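# Observations on the model geometry
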Amino acid sequence: SPKVAPFCSPLKIAQTARTRYTTSALHSDNPDTMAPKITYFPLSGRGELCFLCAAGGGVEVEIKRIGMGPHKELGPSLDPPLPGTVPILQDGDLTLYQSMGIETYICNLSAKYKDLSPAEKAKDDMFSNFKEDLMQALAPYLFSK
């Protein structure tokens, strides 16, 4: 009989990603290239899928956690200045914000995802956008005073 892989919850994958990718590591064959750094809150939210993309795709990233208040000062302090929002990805001279752009960038670094068809990539984008729709709807309830 065929073996069925055990169910692995997204929470477990996220915890694995958080544990595995907390220090600088290489993401290419160039020993001078450091792993992309993603700055985000110490909670699950928009940035979490960035970590899941990295974990699933075998892309090592450095995770920098930032407090809920100081994040508003981080973006404007960068060069070039960014809005006071997270997640923020820094990879060499490249700085990105907005979770969906970061997710796409991380997936494009992965050798595992390089052969996906346009239809498969579109489905990934569809689910990413669905996640954003949910976050927009839930945010007022989660972060209201």
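See the structure above.
The following refers to the structure shown. Once a new chain begins, its residue numbering starts again from 1 and follows that chain's sequence as written. Residue-level local features of this predicted model are given only where pLDDT is at least 70; pairs of side-chain atoms are given and counted only at 80 or more, and the full residue set underlies all totals for whole chains, interfaces and linings. Heavy atoms from the whole structure form the basis of all side-chain values; hydrogens and water molecules are not counted.

## Regarding the layout of surface pockets
- Computed from the structure, the largest pocket encloses a volume of approximately 450 Å³.
- Counting from the N terminus, the helices are DSSP H or I runs at least four residues long and the strands are E runs at least two residues long. Listed by contribution, the elements that provide at least two residues to the lining of the largest pocket are α2 (48-57), α4 (99-109) and α5 (118-143).
- With six residues, the top contributor of residues to the lining of the largest pocket is α5.
- The classification used treats Ala, Val, Leu, Ile, Met, Phe, Trp, Tyr, Cys and Pro as nonpolar, Asp, Glu, Lys and Arg as charged, and all other residues, Gly among them, as polar. A breakdown of the residues in the lining of the largest pocket according to their chemical character gives eight nonpolar, four polar and four charged.
- A cavity here means a set of points on a 1 Å grid, drawn over the protein atoms and nothing else, where a 1.4 Å probe fits but cannot get out; a pocket is an open set with protein on both sides within 12 Å along at least five of seven lines, and a residue lines either one if it has an atom within 4 Å of a point. Grid points are joined across faces, edges and corners, and a volume is the space filled by probe spheres set on the points. Reported here for the second largest pocket is a volume of approximately 360 Å³.
- Along its surface, the second largest pocket is lined by 19 residues, and Phe41, Arg46, His71, Val86 and Phe143 are the ones closest to its centre.
- When residues of the lining of the second largest pocket are assigned to their parent elements, the largest contribution, four residues, is made by α5.
- In the lining of the second largest pocket, the residues fall into 10 nonpolar, six polar and three charged.

## A few points about a nonpolar patch on the surface
- Patch membership is restricted to residues that have no salt bridge and whose relative accessible area is over 30%. Joining uses 9 Å for like charges and 5 Å for the nonpolar side chains Val, Leu, Ile, Met, Phe, Trp and Tyr. Here, Shrake-Rupley sampling with a 1.4 Å probe gives the accessible areas, and only protein chains in the shown set may cover a residue. The salt bridge definition used is simple: a Lys or Arg side-chain nitrogen within 4 Å of an Asp or Glu carboxyl oxygen. On the surface, Met68, Met126, Phe127, Phe130, Leu134, Leu138, Tyr141, Leu142 and Phe143 cluster together to form a nonpolar patch covering roughly 1000 Å² of accessible area.
- With respect to the helices, strands and loops of the structure, tyrosine 141 is situated in helix α5.
- For tyrosine 141, a relative accessible area of 69% corresponds to the exposed category. Using a 1.4 Å probe on the protein chains alone, a residue whose accessible area is under 20% of its type maximum counts as buried, one over 50% counts as exposed, and one in between counts as partly exposed.

## A closer look at unusual backbone geometry
- Note that the residue after aspartate 79, namely proline 80, is joined by a cis bond; omega there is 5°.
- Cis rather than trans, the peptide bond between valine 86 and proline 87 has omega equal to 10°.
- Following the sequence through the fold, proline 87 ends up in the loop between α3 (71-77) and β3 (88-91).

## So, the pattern of salt bridges
- By the definition in use, this model includes three salt bridges.
- Glutamate 132 is paired through a salt bridge with arginine 46; the nearest N and O atoms lie 3.0 Å apart. Placement of glutamate 132 in helix α5 and of arginine 46 in the loop between β1 (37-40) and α2 is noted, with a sequence separation of 86 residues between them.
- Given the relative accessible area of 13%, glutamate 132 is considered buried.
- A relative accessible area of 23% places arginine 46 in the partly exposed class.

## Let's talk about α2
- Those residues of α2 lying buried are Glu48, Cys50, Phe51, Cys53, Ala54 and Gly57.
- Glycine 58, located one to two residues past α2, shows a positive phi value of around 75°.

## Here we look at the packing of α4 against α5
- Their axes nearest at 11 Å, the elements α4 and α5 cross at an angle of 155°. Classified by the angle their axes make, α4 and α5 are roughly antiparallel. Like other packed secondary-structure pairs, α4 and α5 cross with a definite hand, here right-handed. Contact with α4, carried on its side by Ser99, Met100 and Glu103, involves Ser128, Asn129, Lys131 and Glu132 of α5 and no other residues of that element. Fitting a line to C-alpha atoms yields each axis, with helices limited to the stretch in contact; the angle taken between N-to-C directions then spans 0 to 180 degrees. By the definition adopted for this analysis, an angle is roughly parallel if under 35 degrees, roughly antiparallel if over 145, roughly perpendicular if from 65 to 115, and oblique otherwise. Each crossing gets its hand from how the near helix is turned against the far one by less than a right angle, where anticlockwise is left-handed and clockwise is right-handed. We call two residues in contact when some of their heavy atoms are within 4.5 Å.

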